[in-house]
Amino acid sequence: TVTPEPFDADEYIERLAWRTPGGGSKGGAEAFDPKRLLEEFENHIEELKHLDEKIQRRVEKLEHQCHREAKEFAHKVQDLQRSNQIKEAADIIQKLHLIAQELPFDRFADVKAKIASKYHDLERQLIQEFTAAQRRGEIGRMREVAAVLLHFKGAYMRSDVFEDTALLCQRVNKQVGEVFQSPETVMAKLIQNIFENKLQAHVKEKLDETRHSDVEQYLKNLYDLYTRTTALASKLTEFNLGSDKHTFLSKLIKNIFSTYLESYIEMEKDYLRTRSALILQRYYDSKNHQKRPLGGGSIQELKERIRQRTNLPLGPSIDTHGETFLSQEVVVNLLQETRHAFERCNRLSDPSDLPKNAFSIFLLLVEHLCVDHIDYALEIGLSAIPSADAKNANLYFLDVVQQANTIFHLFDKQFNDHLMPLISSSPKLTECLHKKKEVIEQMEVKLDTGIDRTLNCMVGQMKHILATEQKKTDFRPEDENNVMIQCTAACSKVCVYVSRQVERVRKSMDGKNVDTVLTELGVRFHRLIHEHLQQYIYSSMGGMLAICDVAEYRKSAKDFRVPLVLQLFDTLHALCNLLVVAPDNLKQVCSGEQLTNLDRNLLHAFVQLRVDYRQARLGRHFS
């Protein structure tokens, strides 16, 4: 039969208007007849009222029938109880229980209460019969009654075998303690019967239905069932089950799960491998990206590796269009899957196998997260870094660095929070720490290579700005009397560019890495400006402009917040003073605090840049 769709009032009215002549569906607005449409609505409302009354009468008839059948069942149960047919009465009670679940509470409260009362009556009778059989030493009868009690819905009202077992044992334990001379033997037998029948059947049913069709659900079910079974066993230790009750319960658990636990870790690894590969593939598919084979030994890859290490332009770099090929969502998904695997590993592994199993899961995380995702992104990122002489290069590698740093923190957190507790007291600890160190060092080498080449590109861009914007007449103006004392256009553009790059480095790095990279960039920035200034000849006014430029560069150097870089530009500023100082004061300035410790050849080289060097015979101060 086809299940009817739920009633939709809006759709019903819309369809009615569509079918009704004059409803406005045909012939345009002029065909709309509100009176005709109102009549049609009123007719349909009356039809719906009649239909509702008809359905209500049918409901009342069915409810009356339920009342009658419930009473008949109750009488039959009483008859069966009188004739000591415990089992048949239990079957009927189970049917009544199913019917009661379907009945609305407000109308059938009394019937539901009577059924519940019969449940408890039968349960008490079963326990009493179990007790009498024990006194008589009738083990077979005890098993028979226990089997009925286990399937009896009065004992399993919650439809949760674990909670119901705990409640059943609590109720039975009190009565057993009052009646039997050796209550621990009786309780142990009851619990053994529950574990070997009800629980084992429940576990088998739950696991077998997903073992070959849904490995993820199978692993979740295995973890959940094992956890709840051990929690139940922990509750049952409250009862008197003999002197070695912990061993007794452990054996019962082992008998249920031993077959499943033997193959657990291989299924876990297979699932994790398949699931991780799927997460990665979906990500690359979403980017329309076909993963490149890396390290395959082709000529192109050899060229790329030479270019990465030497900065030689051996052909165009790969254009990634700004894509880092790192995804925090992918990383979180991989770490989450691995976290679940660690949790299952901790619960389901034999203590002697736990460190080994945990390490095998860690290796899969390294393979898929560190190698297949992060390392791949670093290789692609390195390939995308342009050569140092590229014009207007987009330097996306710093974005790769930023995301890689974030991922490293997440990776490290999982290592400490979820893996370390599983291996901390085992010889595997050393192996894990070594593997982690090895993986991170390999990636840090690539990060360092990429950062170094990115800094070269930055300096190359500054060099390009200076080469295209700086003019010889900037420092040797034709009209010395008509010059604005301010920094040159080339200097302004370089400082704007430097400021942006310093900010990018700060956003991409963390901790001491920021200072390390900015120190390196600052030193290269200073070297470039120092060499650049030595390419020009300076008039007196040109020297003043050079000092203005260096003062502006020094302002940019302050943004680095690195004392060494600021000191370098302070010294360069002092050197530029040699371009404008009066010839008679030159020797005194060279002996000043900032210049006295510098190589005299360097001082001489700057003085040689003055337009009056030969005329004023300034070389004599250095002979």
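Since we're looking at a predicted model, the values are computed, not measured.

Scoring rules and cut-offs
- Residues numbered from 1 in each chain as written.
- Predicted model: local features only at pLDDT ≥ 70, side-chain atom pairs only at ≥ 80, totals over all residues.
- Heavy atoms only, no water.
- Helix = DSSP H or I, 4+ residues; strand = E, 2+ residues; numbered from the N terminus.
- Contact = heavy atoms within 4.5 Å.
- Areas by Shrake-Rupley, 256 points an atom, 1.4 Å probe, with all protein chains shown as cover.
- Phe/Tyr/Trp six-rings, centres within 6.5 Å; stacked < 30°, edge-to-face > 60°.
- Buried < 20%, exposed > 50% of the residue type's maximum accessible area, 1.4 Å probe, protein only.
- Axes fitted to C-alpha atoms, helices over the stretch in contact; angles between N-to-C directions.
- Parallel < 35°, antiparallel > 145°, perpendicular 65-115°, else oblique.
- Nonpolar A, V, L, I, M, F, W, Y, C, P; charged D, E, K, R; others polar.
- Polar contact = N/O pair within 3.5 Å; in protein donor to acceptor, adjacent residues only side chain to side chain.
- Salt bridge = Lys/Arg side-chain N within 4 Å of Asp/Glu carboxyl O.
- Lys, Arg positive; Asp, Glu negative; His and termini not counted.
- pLDDT = per-residue confidence, 0-100.

Before we go on, may I ask you to explain the overall build of the protein in this structure?
Each helix and strand in the protein was counted, giving 21 helices and 0 strands. The contacts in the protein between residues at least 6 apart in sequence include a share of 75% that link residues at least 24 apart. Of the accessible surface of the protein, which amounts to about 34,900 Å², a share of 50% is contributed by carbon and sulfur atoms.

Looking at this model, I keep getting lost on the packing of aromatic side chains. Mind explaining?
To describe a pair of aromatic rings, you give the distance between the ring centres and the angle between the ring planes. By the definition in use, this model includes 11 aromatic pairs. With 5.9 Å between their ring centres and 85° between their planes, phenylalanine 525 and tyrosine 553 make a pair best called edge-to-face. Pair noted here: phenylalanine 525 is in helix H17 (residues 512–533) and tyrosine 553 is in helix H18 (residues 540–560), with a separation of 28 residues, a long-range link. Judged by its relative accessible area of 1%, tyrosine 553 falls in the buried class. Three or more aromatic residues link up through ring pairs in this structure, and these residues are Phe359, Phe362, Phe411 and Phe415.

How should I be thinking about the packing of helix H14 (residues 397–423) against helix H15 (residues 428–469) in this particular structure?
Packed helices, taken two at a time, are described by the angle between their axes plus the distance between the axes. For the pair H14 and H15, interaxial distance at closest approach is 11 Å and the crossing angle is 170°. The orientation of H14 with respect to H15, classified from their angle, is roughly antiparallel. The residues of H15 that touch H14, namely those facing Phe397, Leu398, Val401, Ala404, Phe408, Phe411, Asp412, Phe415, Leu419, Met420 and Ile423, are Lys428, Leu429, Cys432, Leu433, Lys436, Met443, Lys446, Leu447, Gly450, Ile451, Thr454 and Met458. Taken together, the residues of the contact of H14 with H15 sort by class into 17 nonpolar, 2 polar and 4 charged.

For this particular structure, what's the right way to read the side chain of serine 349?
Its location among the elements puts serine 349 in the loop between helix H12 (328–348) and helix H13 (354–384). Classification of serine 349 as buried rests on a relative accessible area of 10%. Of note is the side chain of serine 349, whose polar atom sits 2.8 Å from the backbone oxygen of cysteine 345. A distance of 3.0 Å separates a polar atom in the side chain of serine 349 from a polar atom in the side chain of asparagine 357. Residues in contact with serine 349, not counting those within four places in the same chain, are Tyr264, Arg344, Leu354 and Asn357.

Looking at this structure, how should I read the pattern of salt bridges?
Any two side chains of opposite charge can pair, on the condition that their charged atoms come close. In this structure the tally under the stated criterion is 27 salt bridges. For the salt bridge of arginine 273 with aspartate 270, the shortest nitrogen-to-oxygen distance reads 3.2 Å. Linking arginine 273 with aspartate 270, this pair stays in helix H10 (residues 264–286), spanning 3 residues, or about one helical turn.

Would you take a moment to explain the packing of helix H16 (residues 489–508) against H18 for this structure?
H18 packs onto H16 with a crossing angle of 5° between their chain directions and a minimal axis gap of 10 Å. Between H16 and H18, the angle is such that the two are roughly parallel. Two secondary-structure elements touch here, H16 through Cys491, Val494, Cys495, Val498, Ser499, Val502 and Arg506 and H18 through Asp549, Glu552, Tyr553, Ser556, Asp559 and Phe560.

Would you mind going over the environment of cysteine 576 with me for this structure?
On the secondary structure map, cysteine 576 appears in helix H19 (residues 563–577). A relative accessible area of 0% means that cysteine 576 is categorised as buried. Distance from cysteine 576 to valine 607, taken between C-alpha atoms, is 8.9 Å for residues 31 residues apart in sequence.

I keep staring at the side chain of aspartate 474 and nothing clicks. Help me out?
In this structure, aspartate 474 sits in the loop between H15 and H16. For the buried aspartate 474, no salt bridge exists, and the shortest N-O distance to an oppositely charged side chain is 5.8 Å, to lysine 471. Here glutamine 470 takes part through its side chain, which lies 2.8 Å from a polar atom of the side chain of aspartate 474. Every residue in contact with aspartate 474, bar those within four places of it in the chain, is listed here: Glu469, Thr488 and Leu545.

Sorry, what's going on with the confidence of the model for the protein here?
Low pLDDT marks stretches whose predicted atomic positions should not be read closely. For the protein, per-residue confidence averages 84 on the pLDDT scale, and residues scoring 70 or more make up 84% of the total. When the elements of the protein are averaged for pLDDT, helix H11 (residues 299–310) gives the smallest value, 52, and H10 the largest, 96. Contacts of residues 25–30 to residues separated by more than four positions or lying in other chains number 3 contacts, the stretch itself having pLDDT below 50. Confidence drops under pLDDT 50 across residues 311–316; counting only partners more than four residues distant or on other chains, this segment forms 11 contacts.

Can you walk me through the environment of glutamine 128 in this structure?
For glutamine 128, the position within the fold is in helix H4 (residues 105–136). Taking the relative accessible area as the measure of exposure, glutamine 128 reaches 54% and is therefore exposed. As for glutamine 128 and valine 172, which are separated by 44 residues in sequence, their C-alpha atoms are 10.0 Å apart.

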